[in-house]
Structure formats: C-alpha cells, structure tokens
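Results of the structural survey
What follows is the residue order along each chain.
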Amino acid sequence: MDAFFFPSSSGARLFGVWRGVSGARRTWIFCPPFAEEEKSARRVFTEIAQRFSARGENSLIFSYRGTGDSEGDFADFGLADWRADILSAIAEAQNRAGATEIALLGLRLGASLAVGARDGAARLVLLEPILSGRSFLSQQNARKKLRAQLSGDQNLPAHDLDGWQLGEKLRDELETLDLRGFGAVSRFAGTSHVLQIGPKSEVAPPLAAFGEAIGAHTHSVVMPAFWNLLDYQKPTPLLEKLEELDD
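As the structure is a computational prediction, the values presented were derived from the model and not from experiment. Once a new chain begins, its residue numbering starts again from 1 and follows that chain's sequence as written. Confidence filtering applies because this is a predicted model: local features only for residues at pLDDT of at least 70, side-chain atom pairs given and counted only at 80 or more, and all residues used for totals across whole chains, interfaces and linings. Side-chain figures throughout are based on the complete set of non-hydrogen atoms in the structure, without hydrogens or water.

1. Here we look at the sheet that holds strand E4 (residues 58–62)
Under the convention used in this document: Strands pair, by our definition, only if DSSP identifies at least two bridges between them. Segments assigned H or I by DSSP are reported as helices when at least four residues long, segments assigned E as strands when at least two residues long, and all are numbered from the N terminus. Interaxial angles span 0 to 180 degrees and are taken between N-to-C directions of axes, which are lines fitted to C-alpha atoms, for helices over the stretch in contact. It only takes one pair of heavy atoms within 4.5 Å for two residues to be counted as in contact.
Pairing is mixed across the open sheet formed by eight strands, whose spatial order is E1-E2-E4-E3-E5-E6-E9-E10. Looking at the sheet topology across the chains shown, the edges are occupied by strand E1 (2–7) and strand E10 (217–222). Put simply, the sheet's adjacent strands are angled 25 degrees from each other on average, direction ignored. Contacts from helix H1 (residues 35–54) reach strand E2 (13–19), strand E3 (26–31), E4 and strand E5 (101–107) within the one sheet, and its direction differs from that of E3 by about 175 degrees. Packed onto the sheet, helix H6 (residues 205–214) meets strand E6 (123–127), strand E9 (191–198) and E10 and runs at close to 170 degrees relative to E9.

The following block contains the structure:
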C-alpha cells in the first residue's frame, strides 16, 4: 500500500492510496461521496479495495480537490472540477499500472460524477448514484433542519453540505444535475452495473430506468445504507455482490 500525492489538472495535489498487485489485470479507481457520507464510507471502501487486491486487482482510492487530505478549499470547486479529478486519477493509475483495464467504482455523488468521467474506463460499478442534484440538496436541507431541532442551534449556515461550505458554483451545478429522463445520459460501451443499496429487494423504477439508459445491469443489495451510519456496518452483502459481478 502506498499513500501519496499526485497532480490534478490545476496543479493542486490530490491525495491517494494505491494498492498494487504484480501482474494485475484490472485497476479500480474509487470515486467517493462527499462530506459525512465520505467519512462513513471510508472503511467500506478500504474493505472493497482489500478484496480486489486479494483477487489480483489494483486500486486507487483518492480524494477530490478541497476534500480529505487533497489540496484546495472545498467551496472553490464544483462537479466539473471533480470529474476532472477522476480523469487525473485514471491517468495516475495508468502511469503506475500500464495497460490494465480501468474500472470506476463510485458511490452516491461519486457515482454520478463517474458517469461523466468514464472516458478511458472499460467498466463501471455505480453504487446508489444520485440522479437528481436538486433532490439531493433538499435531503441535505432536511437533515440540517433536523440537526438544528435536535441541537437547539438555529444559527447553522444557510448553504452547507453536512457542515462543508457550499459554494455558489457547486450549488448551481447540483441544481442542474439530472440523470433522469430520455437523453439525460448516453449508453456506456463497456460493462456497467448499477447497485441499489437499502432495505428493498426490488430496484426502484428511476434507478432501473437510469441503468437501462446507460446499458447497465441493475441489482439490489439488501443492507443498511452504510454511508449514513455513524457506526461501522460490515458490508458482507455488498462484497458478495461485487464478487458475483466479476467476470
């Protein structure tokens, strides 16, 4: 395992954790979610990366500009910048691994970003992609109001993402992010899978329609939404499903 910095398109350094395997056939780029969701998902991402290493595949888990240990101020960046960071991560992985197959694994907003940064990738695995940025913002605002009620703090910032300052650029891009409907996304030439994670065994119609639009196989993984949990949730059902998807 190698923890290191590598350059983004702007020159700001991105932090990554590389797990390399001799003779690997595939290299995975992990596209994380944001704010508290990223923190809650970090251990699960690590377990997935370890599972990939055990079956002979490389992986790179990285942080976007303005997040984690990467350089920059969160409020200065938006979705287009972070899509570019995924492309920078792909380039870094190719420099390290050579001509292995590139695969993207994204969670939540990271999955949504991966859809627009898939050039050069042969495989996509999208975990609970956010299809509507406006709905995502509404959910965040509802959570913020609930926190205010529970804490008695009525002075929470007007625009934030789980305590991270929400810049105007990002807010505008989220308002217009919509992966639903005819023509919203194009088909992916490689292999793709969309995973619903939650209590229901039947894939929700909007997610199923999105999967059909990009030419993906859709699956349901019945387990708690680990990116919303404070306590660790062993991701056995997800790990087993990812093993099933390997061909």
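Further notes follow.
2. Considering the packing of H1 against helix H7 (residues 236–245)
Going by this rule: Crossing chirality is assigned from the near helix's rotation relative to the far helix, an anticlockwise turn below a right angle marking it left-handed and a clockwise turn marking it right-handed. Any residue outside Ala, Val, Leu, Ile, Met, Phe, Trp, Tyr, Cys, Pro, Asp, Glu, Lys and Arg is labelled polar, Gly included; the first ten of those are nonpolar and the last four are charged.
The geometry of H1 relative to H7 is characterised by a closest axis approach of 11 Å and an angle of 35 degrees between their N-to-C directions. The way H1 lies across H7 gives a crossing that is right-handed. Across from Val44, Glu47, Ile48, Arg51 and Phe52 in H1, the residues of H7 making contact are Leu238, Leu239, Leu242 and Glu243. When grouped by side-chain class, the residues that make up the contact of H1 with H7 number six nonpolar, no polar and three charged.

3. So, the nonpolar core
Our working rule: Buried residues of nine kinds, namely Ala, Val, Leu, Ile, Met, Phe, Trp, Tyr and Cys, make up a nonpolar core once their side-chain atoms join them within 4.5 Å. The classification of residues rests on relative accessible area computed with a 1.4 Å probe and restricted to protein chains. Under 20% of the type maximum is buried, over 50% is exposed, and intermediate values are partly exposed.
In terms of nonpolar packing, the biggest core is built from 48 residues, with Ile29, Trp82, Ile86, Leu126, Leu174 and Phe210 touching the most fellow members. Per element, the largest residue contribution to this core is six residues, and it comes from helix H2 (residues 79–97). In contact with tryptophan 82, not counting residues within four places along its chain, are Phe34, Tyr64, Arg65, Phe74, Phe77, Leu113 and Leu170. Among the nonpolar cores identified, the runner-up in size contains 24 residues, and Phe52, Val125, Leu127 and Met223 belong to it.

4. Quick look at the packing of H2 against helix H5 (residues 168–176)
Put simply, the rule is: When an angle is under 35 degrees it counts as roughly parallel; over 145 it counts as roughly antiparallel; between 65 and 115 it counts as roughly perpendicular; any other value is oblique.
Contact geometry of H2 with H5 gives a least axis separation of 8 Å together with a crossing angle of 85 degrees. Taken together, the axis directions place H2 and H5 in an arrangement best described as roughly perpendicular. Residues Leu79, Ala80, Asp81 and Trp82 of H2 touch H5, and the partners they reach there are Lys169, Leu170, Glu173 and Leu174. For the contact of H2 with H5, the per-class residue count stands at five nonpolar, no polar and three charged.

It is worth stressing that arrangement in space is one thing and function is another; only the former is reported here.
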